[in-house]
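Listed below are the residues making up each chain.
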Amino acid sequence: GCQVASRWLKELAEEPEAPPTTDVTFVLVGNPLRAGTGFMVGRPEVGGARSSKGTATPTDTGYPVFDIARRYDGTADFPNNRRHWRAVTNANAGKNTTHRHYENVSLNDATHTVWTVDTTTYILTAEPNLPMLPPLWRDSNPERYEELREDIESAYERPEEDDPLLGGT
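Participant: I keep staring at the pairing of strand S3 (residues 113-117) and nothing clicks. Help me out?
Facilitator: Walk down a regular strand and you will see the side chains alternate between the two sheet faces. For S3 and strand S4 (residues 120-124), the ladder comprises five bridges, and the chain directions are antiparallel. Looking at the pairing, Trp115 lines up with Tyr122 of S4. Turn length for the S3-S4 hairpin, with the two strands adjacent in sequence and antiparallel, is two residues, and the turn residue Asp118 shows positive phi of about 55°.

Participant: Looking at this model, I keep getting lost on unusual backbone geometry. Mind explaining?
Facilitator: Residues other than glycine predominantly adopt negative phi, and peptide bonds predominantly adopt the trans conformation. Of note in the backbone geometry, Tyr72 takes a positive phi value of approximately 75° without being a glycine. Residue position: Tyr72 is located in the loop between strand S2 (65-69) and helix H2 (85-96). Its relative accessible area of 0% is what places Tyr72 among the buried residues. In the Ramachandran plot, Asp118 falls in the positive-phi region, its phi being about 55° despite a non-glycine side chain. Along the polypeptide, Asp118 turns up in the loop between S3 and S4.

Participant: When you look at the packing of H2 against helix H4 (residues 142-153) in this model, what are you seeing that I'm missing?
Facilitator: When two helices pack together, their arrangement is captured by the angle between the axes and the distance separating the axes. Where H2 meets H4, the closest approach of the two axes is 8 Å, and the angle between their N-to-C directions is 95°. Relative to H4, the element H2 is oriented roughly perpendicular. Taken together, the residues of H4 that come into contact with H2 (itself represented by Arg86, Ala87 and Asn90) are Arg144, Leu148, Asp151 and Ile152. The residue inventory of the contact of H2 with H4, partitioned by class, reads three nonpolar, one polar and three charged.

Participant: I tried to follow the sheet that holds S3 on my own but got confused; where do I start?
Facilitator: For sheets, the rule is that strands pair by backbone hydrogen bonds, running either parallel or antiparallel. Ordered in space as S1-S2-S4-S3, the four strands form an open sheet in which the pairing is mixed. Of all strands in the sheet, those bounded by a partner on one side alone are strand S1 (26-29) and S3. Taking the axes of each pair of neighbouring strands and ignoring which way they run, one obtains an average angle of 15° across the sheet. Pairing of S2 with S4 involves five bridges; the strand directions are parallel. Bridge pairing in S4 links Phe66 to Thr121. Set on the sheet, helix H1 (residues 2-11) makes contact with S1 and S2; between it and S1 the angle comes to about 140°.

Participant: Honestly, the packing of aromatic side chains in this entry has me stumped. Any pointers?
Facilitator: Two descriptors summarise a pair of aromatic rings, namely the distance from one centre to the other and the angle between the planes of the rings. According to the stated counting rule, one finds seven aromatic pairs in the structure shown. Ring centres of Phe26 and Tyr63 lie 5.9 Å apart, and the angle between their planes is 90°; this geometry places the pair in the edge-to-face category. With Phe26 in strand S1 and Tyr63 in the loop between S1 and S2, the pair connects residues that are 37 residues apart, well separated along the chain. You'll find Phe26 and Tyr63 in the same group, each marked buried. Residues Trp115 and Tyr122 carry aromatic rings whose centres are separated by 5.4 Å and whose planes lie at 20° to one another, so their mutual orientation is stacked. Site record: aromatic cluster; members linked through ring pairs are Trp8, Phe26 and Tyr63. Just above the ring of Phe39 sits the side chain of Arg43; from NZ or CZ to the centre is 3.9 Å. Here the basic side chain of Arg158 rests over the ring of Tyr156, its NZ or CZ set 3.8 Å away from the ring centre.

The rules we used
- Residues numbered from 1 in each chain as written.
- Predicted model: local features only at pLDDT ≥ 70, side-chain atom pairs only at ≥ 80, totals over all residues.
- Heavy atoms only, no water.
- Pairing = 2+ DSSP bridges.
- Helix = DSSP H or I, 4+ residues; strand = E, 2+ residues; numbered from the N terminus.
- Buried < 20%, exposed > 50% of the residue type's maximum accessible area, 1.4 Å probe, protein only.
- Axes fitted to C-alpha atoms, helices over the stretch in contact; angles between N-to-C directions.
- Parallel < 35°, antiparallel > 145°, perpendicular 65-115°, else oblique.
- Contact = heavy atoms within 4.5 Å.
- Nonpolar A, V, L, I, M, F, W, Y, C, P; charged D, E, K, R; others polar.
- Phe/Tyr/Trp six-rings, centres within 6.5 Å; stacked < 30°, edge-to-face > 60°.
- Lys NZ or Arg CZ within 6 Å of the ring centre and 35° of its normal.

As far as function goes, none of this settles anything; it's purely spatial.
Put into structure tokens, the structure is as follows:
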């Protein structure tokens, strides 16, 4: 769904037949073409030509876009440093766990980190758990767990006000 919406924004948003920007709002959940961290950015697009590489969802079409990602969802929130093996392992675990569960994510949660680029509002959740480890491990090794989280977060380029546990605005 997000890839289809992204392609529409890339290819049809400026067509004369496109609906007015005041009539349509896009809500992208777990977007694999999320700017900065989408796993499919730079990879062959689903349904695209074999040589076609996925490009990030545009932010400057005039249409309001809400792009929501759960932290460590390896589909929408893949590390910027793709050579950081712990962060990549964690994100890959998130593809199979976190990415499948957006049902309880509220747009109005004060712990989210929220920032805007052009007409796109990005929302990133704060998450208590690393997908690669069970919560029991976190509870039995809290200091080591936070060291590991900090190491994993170092592979991402986050907004300055972001806090992985508390979020930011």
